[in-house]
Structure formats: structure tokens, C-alpha cells
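The chain contents come next:
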Amino acid sequence: MTTATLENVDVLIVGAGPVGLYGAYYAGVRTLSTAVLDSLEEPGGQITAMYPEKAIFDVAGFPAIKGRELVEQLLKQAAPFKPTYMLGHQAVGLERGEGGFAVSTASGHRIEARAIVITGGIGTFTPRPLPTGGEYLGRGLVHFVPDPKAYEGQDIVVVGGGDSALDWALMLEPIARSITVVHRRGEFRAHQHSVELLKRSSVRILTDAQVSGVHGDPDVDQVEVTVKGSDPETLPCTKLIAALGFTANLGPLMEWGITIEKRQIVTDTAGATSVPGIYAAGDIVDYPGKVKLIATGFGEVATAVNNAFAFLNPGKSAFPGHLSDYAPEPGEPAPAGSPTAEAPAS
Ligand SMILES: Cc1cc2nc3c(=O)[nH]c(=O)nc-3n(C[C@H](O)[C@H](O)[C@H](O)COP(=O)(O)OP(=O)(O)OC[C@H]3O[C@@H](n4cnc5c(N)ncnc54)[C@H](O)[C@@H]3O)c2cc1C
């Protein structure tokens, strides 16, 4: 396989989820040239893939913000610093050299970086397939609902009992012609609040039930659902949403020689991994008491990137200062005397 050196940057951020995007902002503030790599075609990680339309209520400063809008704001926040986004490229190989690292991608590219911040979340994730009807993918069967407009006036069947299934059912209820949730267990795994909302909505709920057949030519127009102990029932269905969760594959990242415990990266309080120059933040990191939330990842990546800056600039402080004090223009060095400049001798 031929490789091309695409980027030679100070920092490579692996993972363009919310945490990686916020990391790109902080890397820019610290005047580090930055590339952000993601195997998905769109930035935003789990938010874009699984709940772009869901309202998020627990990001500091936003009483409520839609997933999609949060991702837009994060991109906007980092934009002045012009990070290079390399989307649709999975990081696979890591080489260590004297001046830093070289990361190769599944598509055959190579990025050289002096430091790396891994914000790979739950890894490259793949939707769990429906036990039957998988051949309808792209012909009415989907795993994500990136844009609800296409669902207006449709007969929708959502399969699954987790947060994505219920979020999508509740989101699409007002615009669907009919909507049914099919869940193979008696109890939902989703947030209790969503379960309550679902029960109060007009969504038809079939529990202890499975999709036992999918029909239509060329696109889905009917599904057969079997509720335990009953005969199969045929439902009209023009959009079939399989929200059965994901298999996450940390795959290649596990082979990078970084200390991993229970398939999570171990970091110290500076966000440093066991390999000097490689930092990590967000859902991919674990430690006792860790709470996997966007808010947590934002704090971790601010710490990781600023410590990566100090690693790359010996003698300079990891503390970026209070940004309103000086807010450097993109690409400009921080003003003399600011914490980004030389740290005072101790
Ligand atoms: C349905 C649902 C609802 C949620 N609701 C909330 C909520 O209301 N509030 C909240 O705080 N949290 C919520 N979360 C959790 C939140 O989404 C995660 O904590 C957050 O997305 C973690 O961000 P991250 O950037 O660390 O990882 P991710 O969002 O997982 O992003 C990681 C990115 O890294 C990429 N990647 C992985 N490996 C590679 C590789 N080898 N090469 C290239 N790219 C790679 C992936 O493709 C992905 O895009 C929810 C999660 C789900 C599933």
C-alpha cells in the first residue's frame, strides 16, 4: 500500500467527537497546528451518529441544546484556528520516531505529529444488524436518523429499547403517519424519563416482540412482528429504524503500546497515557469514579491538550491563563507575560 504524508502537525487529535472538537479549539488557542482524524464521514462522534436531534440538558452554559447544534457550535469555536479535518479516515498504525509520531490510516495516509491526543470515544462503532431484513439497508432500513425531514408522513417502525430507539420514536412521533416501537424485552433500557414520555405519547409499543420478517420491493413497505405467544402481525412500514446498539471497536488503538485496562485507556491526572507525548480524553479514558459525559470529556481534553502544549514546549506552563485576558488571534503568539509565554522560573 502506498502512503502519502498528508500532514505534519504539532498535535494530531484522533476522534472528532465532541471531546476531540473541543480539543481542537484548545490546541488552536495554544497556537498548536492541529489535525483531527475520524473514521466517520461527519464530525460529532456519538452525537452525530446516534442523537443529533435529541436535546442535551447537561452541558454547562446551555440549559438545553440539540445535539446537532452543539456540534455546530464546537466546530465554530475551533474554526478560527483552522484545524485540518480528515474525516472518513480510520487511524490504524502508530510509529514512534525522534521528533514524535507517525499515524497511518486504513486508507493509506500518514500524518506526522509531535504529540497525539486520543479522543476515540467507544472506538469505531458499527451498528448491530437486525436479525432479519438486513438486505434492506438503504432501501427503507436505517441505523441512524441524521435528518428527520425524510420521515414526514411515513409509517415508521423503530426496533430497540435503548435511548436512541426512544429518542427517535419521540422525535418522529409528531411528523410520522404511524409509529411503533418493537422491543424484544419486557423492560426498556432507556432513561426512565423517556420511557414515561413514550408511554404518554401516541407511539404504539410492542414489548416481548421481534421483527420476524421484512417485505417490500424494492423498498420496505411492511414488517411482520411477532409478540411472544401470539401469531405474527403485519404492520405497514416505509421506514424501519434498527436502533439495536453498536459494537464498538477500539481495534487498532489497542495495539499502540499504550496501557489499557478493561479496553479503556489509562491516563494520569494530566491526561497523559503511558507513552510520553500521547494524551487521551473523553469516553475512551477510564479511572475510578469516571462519569462518561460530554461535560467530563470537555474538562479532560482541556487538561490533556494544555499538558500536551507544555510537553512540546518545555519550560512553558500547561495553564493557558484566563483567555479573556488576552485571547490571541488565530496563529498569533500569546502576548508577552501571558501564561502561554515563558513560565516564570520557580
Ligand atoms: C443515545 C445517547 C445519548 C446520550 N446523551 C447524553 C447526554 O444527554 N449528555 C451527555 O453528557 N452525554 C450523553 N451521551 C454520552 C456522550 O455522547 C458521550 O459521552 C460523548 O459522545 C463522548 O465523546 P467523545 O468525543 O469522547 O467520544 P465519541 O462521541 O464516541 O467520539 C469518538 C470519535 O472517535 C472516532 N474514532 C474512534 N476510533 C477511531 C480511529 N481508530 N480512527 C479514527 N477515528 C476514530 C469515532 O468514529 C468517533 O467519531 C449520550 C450517548 C448516547 C449513545
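Here is what the cut-offs are and how they apply
- Residues numbered from 1 in each chain as written.
- Predicted model: local features only at pLDDT ≥ 70, side-chain atom pairs only at ≥ 80, totals over all residues.
- Heavy atoms only, no water.
- Pairing = 2+ DSSP bridges.
- Helix = DSSP H or I, 4+ residues; strand = E, 2+ residues; numbered from the N terminus.
- Contact = heavy atoms within 4.5 Å.
- Axes fitted to C-alpha atoms, helices over the stretch in contact; angles between N-to-C directions.
- 1 Å grid on protein atoms, 1.4 Å probe; cavity = no way out; pocket = protein on both sides within 12 Å on 5 of 7 lines; lining within 4 Å.
- Points joined across faces, edges and corners; volume = space filled by probe spheres on them.
- Nonpolar A, V, L, I, M, F, W, Y, C, P; charged D, E, K, R; others polar.
- Domains from an automatic or database assignment.
- Buried area = accessible area lost by both parts, 1.4 Å probe.
- Polar contact = N/O pair within 3.5 Å; in protein donor to acceptor, adjacent residues only side chain to side chain.
- Near = heavy atom within 4 Å.
- Areas by Shrake-Rupley, 256 points an atom, 1.4 Å probe, with all protein chains shown as cover.

### Quick look at the sheet that holds strand β10 (residues 141-142)
Hydrogen bonding along the main chain pairs the strands of a sheet, whether they run parallel or antiparallel.
So, point 1. The five strands lie next to each other as β10-β17-β11-β12-β13, forming an open sheet whose pairing is parallel. Of all the strands in the sheet, just β10 and β13 (204-206) have a single pairing partner and so form its edges.
So, point 2. Here strand β11 (residues 155-159) runs beside strand β17 (residues 239-242); their pairing, made up of four bridges, is parallel. Residue V159 lies in a different strand from β17, and its bridge partner there is A242.
So, point 3. The sheet strands contacting helix α4 (residues 163-172) are β11, β12 (178-182) and β17, and the helix crosses β11 at an angle near 165 degrees.

### What to know about empty space enclosed by the protein
So, point 1. According to the stated counting rule, one finds one cavity of 30 Å³ or more in the structure shown.
So, point 2. Of the voids in this model, the largest cavity is the one considered here, and its volume is about 40 Å³.
So, point 3. Residue lining of the largest cavity: P127, R128, H143, S164, W168, A242, A243, L244, G245 and F246, and that is the complete set.
So, point 4. The class makeup of the residues in the lining of the largest cavity is six nonpolar, three polar and one charged.

### Points about the domain arrangement of the protein
So, point 1. Split into domains, the protein comes out as domain 1 (4-125 + 247-325) and domain 2 (129-244).
So, point 2. Once you take the C-alpha centre of each, domain 1 and domain 2 turn out to be 34 Å apart.
So, point 3. On the domain 2 side, the residues contacting the seven residues of domain 1 number nine residues.
So, point 4. Surface buried jointly by domain 1 and domain 2 totals about 600 Å² across both partners, of which 58% is contributed by carbon and sulfur atoms.
So, point 5. Together, A49, M50 and E53 form the three largest contributors to the area buried by domain 1 at its contact with domain 2, with a combined 57%.
So, point 6. The tally of links between domain 1 and domain 2 comes to zero residue pairs in polar contact (both at pLDDT 80 or more).
So, point 7. Here the side of domain 1 that touches domain 2 is composed, by residue class, of four nonpolar, no polar and three charged.

### Regarding the site of the ligand
So, point 1. For the ligand, the set of nearby residues contains 33 residues, the closest of which are D38, Q46, Y51, D58 and A91.
So, point 2. One of the backbone nitrogen or oxygen atoms of A91 is found 2.8 Å away from a nitrogen atom of the ligand.
So, point 3. Contact between the ligand and D283: an oxygen atom at 2.9 Å from a side-chain N or O atom of the residue.
So, point 4. Alone, the ligand offers 1000 Å² of accessible surface; in the complex the protein occludes 92% of this.
So, point 5. It is helix α2 (residues 45-50) that provides the largest number of residues to the shell around the ligand, a total of three residues.
So, point 6. Class assignment for the residues of the shell around the ligand results in 13 nonpolar, 14 polar and six charged.

### Let's talk about unusual backbone geometry
So, point 1. Here D217 and P218 are connected by a cis peptide whose omega angle stands at 0 degrees.
So, point 2. Within the fold, P218 resides in the loop between β14 (209-215) and β15 (222-227).
So, point 3. Phi at K262 takes a positive value of approximately 50 degrees, unusual for a residue other than glycine.
So, point 4. Structurally, K262 is set in the loop between β19 (260-261) and β20 (264-265).

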